[in-house]
Protein chains: 2
Amino acid sequence: MSSTRDIDALIDLMSRLPGLGPRSARRAVLHLIRKRALLLTPLADMMQTVAATARECLNCGNVGTSDICDICTSAKRANGEICVVEDVADLWAMERSGVFKGRYHVLGGTLSALDAIGPQELRIPRLIDRVASENISEVILALNATIDGQTTAHYIADQLDGQVRLTSLAQGVPIGGELDYLDDGTITAAMRARKSI
Amino acid sequence: MSSTRDIDALIDLMSRLPGLGPRSARRAVLHLIRKRALLLTPLADMMQTVAATARECLNCGNVGTSDICDICTSAKRANGEICVVEDVADLWAMERSGVFKGRYHVLGGTLSALDAIGPQELRIPRLIDRVASENISEVILALNATIDGQTTAHYIADQLDGQVRLTSLAQGVPIGGELDYLDDGTITAAMRARKSI
Ligand SMILES: [Zn+2]
Ligand SMILES: [Zn+2]
């Protein structure tokens, strides 16, 4: 064999990351071995740290290092506005745009009849609790412009109808587009032009 | 901030891997956090192991876990034949094809006037030593079919002229093609049809 068992095992683990196939995993591992002090060791250490500390916020589903995340506990964020997103990558995309100053709620996916994902599989009951118990004036449904995303938005809108102002991202989100692919300016424009449902 | 400092640091380190940009690094880190027990912790552990044990073979430049690699020490590999490749990824590609049973020599790159890479920056002096001291009958120059690869092959052929049979991969390597992109069958055909220089 050209590579030893440990190196092969590392290539196999790396190839399980999204976006990396076997060939790019091999390239990445050779790169890591060449940059052992600058990259491999720091990366291993930081993975250990994150493995030990990362957790989902019990309130909103964001990823952080405490039971309640920085955004949920921050005194600088506006109370009364919840932006609902499908996953943490979408929350990060929204934060990069800097346009939204309220709190978030991460559903953890979308409703999907095909994959048997109902409201209980997502963080929808918790969202309904939050709207009832926190003093919420507006829920912004920032879901992807996909069929499942829009189905989920309609379901949530039905559940919260009459309890709160409901809005969705409007101008700028392309049909079939996903938030995490959009540039900051597009997200900002869509947020500023949000419309009532 | 949406993500904590450690998670941001992990994303930054991941984005330095070849083939991963900032967006795919963020996706990879979220995937790792979700698959903490199955992927993140094993990956961190294996990176620690490889960081502690991986080294370059002092003889041929292959990557392994001992000063002299498994291929150089194996009693099952044919003596007398050295296959010269540009980097370890090419050696691995050759091994996957299973066609070559001799030993290797990894140059660590190609000659490049533009990047000021001369014979001393590569493992060329060591190759000339090996041909003089090991009982070598054939040197197969399995370099990429690029301008720098072919320049390097000609330089080595000049240095070893008259001392050993020199061959190069022939049929099957596309113009401008790189070994690591080829399927096993193409590499096997090219090796079987190798011709004298
Ligand atoms: Zn939170
Ligand atoms: Zn070796």
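Residues numbered from 1 in each chain as written. Chains lettered and ligands numbered in written order. Predicted model: local features only at pLDDT ≥ 70, side-chain atom pairs only at ≥ 80, totals over all residues. Heavy atoms only, no water.

Looking up chain A in an unreviewed UniProt entry gives the name Recombination protein RecR, with the organism given as Sulfitobacter marinus. If you open the UniProt record of chain A and go to Sequence similarities (unreviewed entry), you find "Belongs to the RecR family." The record in UniProt for chain A states the following under Function (unreviewed entry): "May play a role in DNA repair. It seems to be involved in an RecBC-independent recombinational process of DNA repair. It may act with RecF and RecO." (UniProt positions renumbered as here; feature names shortened; annotations may be inferred.)

Peer 1: Which parts of the structure should I look at to understand the overall build of chain A?
Peer 2: The number of helices and strands found in chain A is eight helices and seven strands. Per-residue burial over chain A gives 51% buried out of 197 residues. Across chain A, every contact between residues at least 6 apart in sequence was considered, and the portion connecting residues at least 24 apart equals 56%. Just so you have it, chain A exposes about 9,000 Å², and 51% of that area is on carbon and sulfur atoms. (Helix = DSSP H or I, 4+ residues; strand = E, 2+ residues; numbered from the N terminus. Buried < 20%, exposed > 50% of the residue type's maximum accessible area, 1.4 Å probe, protein only. Contact = heavy atoms within 4.5 Å. Areas by Shrake-Rupley, 256 points an atom, 1.4 Å probe, with all protein chains shown as cover.)

Peer 1: Explanation requested: the coordination of the zinc ion (ligand 1) in the structure shown.
Peer 2: Where a metal carries four tetrahedral donors, each ideal angle is 109.5 degrees; where it carries six octahedral donors, the ideal angles are 90 or 180 degrees. Residues and elements named next belong to chain A. Only C57 (SG), C60 (SG), C69 (SG) and C72 (SG) from the protein coordinate the zinc ion (ligand 1), and they sit 2.3 to 2.4 Å from it. Mapped onto the sequence, the donors of the zinc ion (ligand 1) take the spacing C-x2-C-x8-C-x2-C. Of this pair, C57 sits in the loop between β1 (55-56) and β2 (63-64) while C72 sits in helix α4 (residues 70-73), placing them 15 residues apart in sequence. As far as burial versus exposure is concerned, C57 and C72 are alike and both buried. (Donors = N, O, S within 2.8 Å, 3.2 Å for Na, K, Ca; no water.)

Peer 1: Help me out: how do you make sense of the domain arrangement of chain A in this one?
Peer 2: How big an interface is tends to be expressed through the accessible area that disappears when the partners come together. Under the domain assignment, chain A is made up of domain 1 (2-53) and domain 2 (63-168). For domain 1 of chain A and domain 2 of chain A, the distance between their C-alpha centres works out to 34 Å. (Domains from an automatic or database assignment.)

Peer 1: Explanation requested: the coordination of the zinc ion (ligand 2) in the structure shown.
Peer 2: All names here are of chain B. All of the protein donors around the zinc ion (ligand 2) are C57 (SG), C60 (SG), C69 (SG) and C72 (SG); their distances to the metal are 2.3 to 2.4 Å. For the zinc ion (ligand 2), the four donor atoms are set out with angles of 104 to 116° between them, so the coordination reads as tetrahedral. Going along the chain, you hit the donors of the zinc ion (ligand 2) in the pattern C-x2-C-x8-C-x2-C. Judged on exposure class, the residue C60 and its partner C69 are both buried. (Tetrahedral: all angles 85-135°; square planar, octahedral: opposite > 155°, others 65-115°.)

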